[in-house]
Every structure is written in structure tokens, then in C-alpha cells.
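One letter stands for each residue in the lines below.
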Amino acid sequence: MSMVPVTYGASSRPPRGDYSVARADYTCDQSWDDYSPQQHELYARLYARQLGLVQGRAGEEFLQALGQLAMHARIPRFEDVSERLTRATRWQIVAVPGLIPEDAFFRLLAQRRFPVTVWLRTPEEFDYIVEPDLFHDLFGHVPLLFNPVFADYMQAYGEGGLKAQRRNALELLARLYWYTVEFGLIDTPRGLRVYGAGILSSPGELARALADPQPLRIGFELRRVLRTRYEIDDFQKTYFVIDSFAQLFEQTAQDFAPIYEELLPLPAYPPGKVQPGDRMFAVSAR
Ligand code: PHE
Ligand code: FE
């Protein structure tokens, strides 16, 4: 069976992965032996740069897990990472050719299997890449899957995604993923820190997310997040700040069905605009 390729954002972008090797659930083999020495070297350079940048900016949970993972020298074998992850939180990572359809993605998350793209960006994309590649998926997402509360949140999100699909509320639920899993900030005793993978794997956004006075930093409020649109190809104009993973888990544990009904008829908020009731955070001194 050959699975349909998936593209990111505007559908004019050609798909980057080889979908002919994907199984029905969109997983594939990592084919680790096929990575070239240059690719291992590029990965190691990406890792080294980002490791320097996350110090003092990423949340403690992320930094701790990253340190234990020791996946700095070359592209890791997904099986090795999975083995540790299974021991920690019963999660696994699985290889995928690239972006996968939403229902396949949700199903994997609901099974505590996190899809990681097998291809790595080119050297020309060292600083910026629009669509997620192996480095983003692995460096950005995998460390927090070692945190028990965050791990449960991700599974709940997968289940919630399948439900949102049935209720035509995917656009709303996708915003929650965007503003937490990809671009979330967390308030800590030492100031704001980053836990969102889209920031953690991006050199430009990592420097900016905590320090630039321009973007809004708004206290997490479920309905506010579900109503806020986002842009996929520029630095974010708004970040939402959680107090803790426990708060995130608790605020999202409730049944979203009545919330979807309430919010679906309402207009969305544009990114980058303050709304009444927003709890604003100032840029944190480092
Ligand atoms: N509680 C949500 C629902 O009923 C599911 C969900 C959990 C969604 C966690 C996102 C994150 O749909
Ligand atoms: Fe991501």
C-alpha cells in the first residue's frame, strides 16, 4: 500500500518524504544505515548549537531529560530512544516519512507512539525550516515525553483529536497544540521558560520568545487559546504561559464538547492582539 503524501501549510509545497514506504498507520522504518556521514555531522552541529541556546531558556524538565538522552553525537537510532522512553513513561517513538494526516497522528498519540520524521533538513536550512524535520521532532518533542504529566497530556490530546474530528472542531483543537506543545511558555520561580518544541528547536525563536518585548505573553486560559488563530511561517505574535504541566492537564481534562459548541459560532481572535481579561506577562530578566 502506498500512503498519500502530506504537505505543510499551503498545499503548493511539494511533499518532502518518501510515502511509498509507509505502512497503513503511516509509520515506516527509520533505515538508520542510510544516513550519510554528512547528515550525522549536520545533526551534531544542529544539536550543539541548540544545546547552547536552551540553557537558561528551556524548562528544567526538558533540560534534565535532554541531558540524560545523550543523543548529541549523531542521529540516534529511534529504537534506542524508544527503549528509554518506554521505561520512563510507556511512550515510544516511531518513524514516519514526514507529516502525516491528522487522524493518523491522533491515533498514534492516543497509543502513546510519537511520530518522528526520518529525514533531516539540508545544510542550507540550518537556521530556518518551515516544516518539521527529524531534528525538530526529536530534539524539540521527545525530551518532554519523559515527563509523566506531559506524557499523559499528549496521549489525552490524541484521544481529544479523534473526538474533535467527529465534532468538526479540529481548527479549535489544533490551536491548543500549537500554543502549548509547539509554542508554549511556562512560568517558573526563576522566570519564564520555554517548553514548546517549535521554539526549542528554532535558534531564532528561542532567543526571541523570552526576551523580545514585541510578542504578547498571555496567561493560559483554555477558551482564549482555542479561539486564537496562529501563523505557521513567521515568529509568533502571541505566546501563552502555563503555570505548570499539572495546570495544563487539569484545564484540558474536562469534556470539550460543550466548549466546542459554545466557541464554534464565535469569531476567532487574531494573533498578536490583547483581549479583555488577558493576564499579561512581562519579558523576564535573565
Ligand atoms: N478533554 C478533551 C475533550 O474532551 C480532550 C483533550 C485532552 C484535548 C487534553 C486536548 C488535551 O475533548
Ligand atoms: Fe512539532
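Before reading further, recall that the structure is shown in the block above.
A quick note: this is a predicted structure, and the numbers were derived from the prediction, not measured. (Residues numbered from 1 in each chain as written. Chains lettered and ligands numbered in written order. Predicted model: local features only at pLDDT ≥ 70, side-chain atom pairs only at ≥ 80, totals over all residues. Heavy atoms only, no water.)

Chemist: So what's going on with empty space enclosed by the protein? Which residues, and what values?
Modeler: The full count for this structure, using the stated rule, is two cavities of 30 Å³ or more. What the largest cavity holds in volume is close to 50 Å³. Forming the walls of the largest cavity are Phe114, Gly140, His141, Leu144, Leu145, Phe150, Met154, Val181, Tyr195 and Ala197. Elements with a minimum of two residues in the lining of the largest cavity: α5 (134–141) and α6 (148–166). In the lining of the largest cavity, the residues fall into eight nonpolar, two polar and no charged. (1 Å grid on protein atoms, 1.4 Å probe; cavity = no way out; pocket = protein on both sides within 12 Å on 5 of 7 lines; lining within 4 Å. Points joined across faces, edges and corners; volume = space filled by probe spheres on them. Helix = DSSP H or I, 4+ residues; strand = E, 2+ residues; numbered from the N terminus. Nonpolar A, V, L, I, M, F, W, Y, C, P; charged D, E, K, R; others polar.)

Chemist: Give me the lowdown on unusual backbone geometry, citing residues and values where you can.
Modeler: Excluding glycine, residues mostly carry a negative phi; peptide bonds, for their part, are mostly trans. Phi at Ala70 is positive, roughly 45 degrees, even though this residue is not glycine. Within the fold, Ala70 resides in the loop between α2 (60–69) and α3 (78–89). One non-glycine residue with positive phi stands out, namely Asn168, at about 55 degrees. With respect to the helices, strands and loops of the structure, Asn168 is situated in the loop between α6 and α7 (170–182).

Chemist: Just give me the short version of the coordination of the iron ion (ligand 2), but keep the residues and values in it.
Modeler: Coordination of the iron ion (ligand 2) by the protein comes from His136 (NE2), His141 (NE2), Glu182 (OE) and Glu182 (OE), over a distance range of 2.0 to 2.8 Å. The class of His136 is buried, set by a relative accessible area of 9%. (Donors = N, O, S within 2.8 Å, 3.2 Å for Na, K, Ca; no water. Buried < 20%, exposed > 50% of the residue type's maximum accessible area, 1.4 Å probe, protein only.)

Chemist: Describe the packing of aromatic side chains, naming the residues involved and giving the relevant values.
Modeler: For the structure on display, the rule yields 19 aromatic pairs. When the ring of Phe105 is compared with that of Tyr177, the centres are 5.6 Å apart and the planes differ by 80 degrees; the resulting orientation is edge-to-face. One end of the pair, Phe105, is in helix α4 (residues 102–110); the other, Tyr177, is in helix α7, with 72 residues separating them in the sequence. Residue Phe105 is classed as buried on the basis of its relative accessible area of 18%. (Phe/Tyr/Trp six-rings, centres within 6.5 Å; stacked < 30°, edge-to-face > 60°.)

Chemist: Give me the lowdown on the environment of Arg87, citing residues and values where you can.
Modeler: As for its placement among the helices and strands, Arg87 is situated in helix α3. Since its relative accessible area comes to 64%, Arg87 is described here as exposed. Taking the C-alpha atoms as reference points, Arg87 and Phe146, 59 residues apart in sequence, are found 9.2 Å from one another.

Chemist: Just give me the short version of the environment of Phe245, but keep the residues and values in it.
Modeler: Along the chain, the position of Phe245 falls in helix α11 (residues 245–253). Those residues in contact with Phe245 that lie beyond four places of it in its chain are Glu61, Leu144, Asn147, Val149, Phe150, Ile186 and Tyr195. (Contact = heavy atoms within 4.5 Å.)

Chemist: Describe helix α9 (residues 203–211), and please don't skip the residues or the numbers.
Modeler: Turning to α9, its buried residues number three or more, namely Pro203, Glu205, Leu206, Arg208, Ala209 and Leu210. Looking at the buried residues of α9, the elements they touch are α1 (37–54), β3 (185–188), β4 (191–194), α8 (197–200), β5 (216–219) and β6 (238–242).

Chemist: Which residues make up the site of ligand 1, and what values go with them?
Modeler: For ligand 1, the full set of nearby residues is Tyr153, Ala156, Tyr157, Gly160, Lys163, Leu173, Leu176, Thr252, Ala253, Gln254, Asp255 and Phe256. One nitrogen or oxygen atom from the side chain of Lys163 is found 2.5 Å from an oxygen atom belonging to ligand 1. Interatomic distance of 3.0 Å between a backbone N/O atom of Phe256 and an oxygen atom of ligand 1. In the complex, 93% of the free accessible area of ligand 1, which totals 320 Å², lies under the protein chains. Looking at the shell around ligand 1, the elements with two or more residues in it are α6, α7 and α11. (Near = heavy atom within 4 Å. Polar contact = N/O pair within 3.5 Å; in protein donor to acceptor, adjacent residues only side chain to side chain. Areas by Shrake-Rupley, 256 points an atom, 1.4 Å probe, with all protein chains shown as cover.)

Chemist: Go over the side chain of Arg208 with me, naming the residues and quoting the values.
Modeler: Assignment of secondary structure puts Arg208 in helix α9. According to the relative accessible area criterion, Arg208 is buried, its value standing at 17%. One polar contact links the side chain of Arg208 to the main-chain carbonyl oxygen of Gln236, over a distance of 2.9 Å. Leave out the neighbours within four places in its chain, and Arg208 touches Pro215, Arg217, Phe235, Gln236 and Tyr239.

Chemist: Give me the lowdown on the sheet that holds β5, citing residues and values where you can.
Modeler: Paired through their backbone hydrogen bonds, the strands of a sheet run either parallel or antiparallel. Pairing in this open sheet of four strands is mixed, and the strands run β4-β3-β6-β5 from one edge to the other. The outermost strands of the open sheet, each flanked by one partner alone, are β4 and β5. Taking each pair of neighbouring strands and ignoring which way they run, the sheet shows an average axis angle of 35 degrees. Looking at chain direction, β5 and β6 are connected through four bridges and run parallel. (Pairing = 2+ DSSP bridges. Axes fitted to C-alpha atoms, helices over the stretch in contact; angles between N-to-C directions.)

Chemist: How would you explain the packing of α1 against α5 if you had to name every residue and give the values?
Modeler: Close contact between α1 and α5 brings their axes to 11 Å; oriented N to C, the two are set at 35 degrees. Considering how the two elements wind past one another, α1 and α5 form a crossing that is right-handed. Along the contact surface, α1 presents Tyr43, Leu46, Tyr47, Gln50, Leu51 and Val54, while α5 presents Leu134, Phe135, Leu138 and Phe139. When its residues are assigned to classes, the contact of α1 with α5 shows nine nonpolar, one polar and no charged. (Left-handed = near helix turned anticlockwise from the far one by under 90°.)

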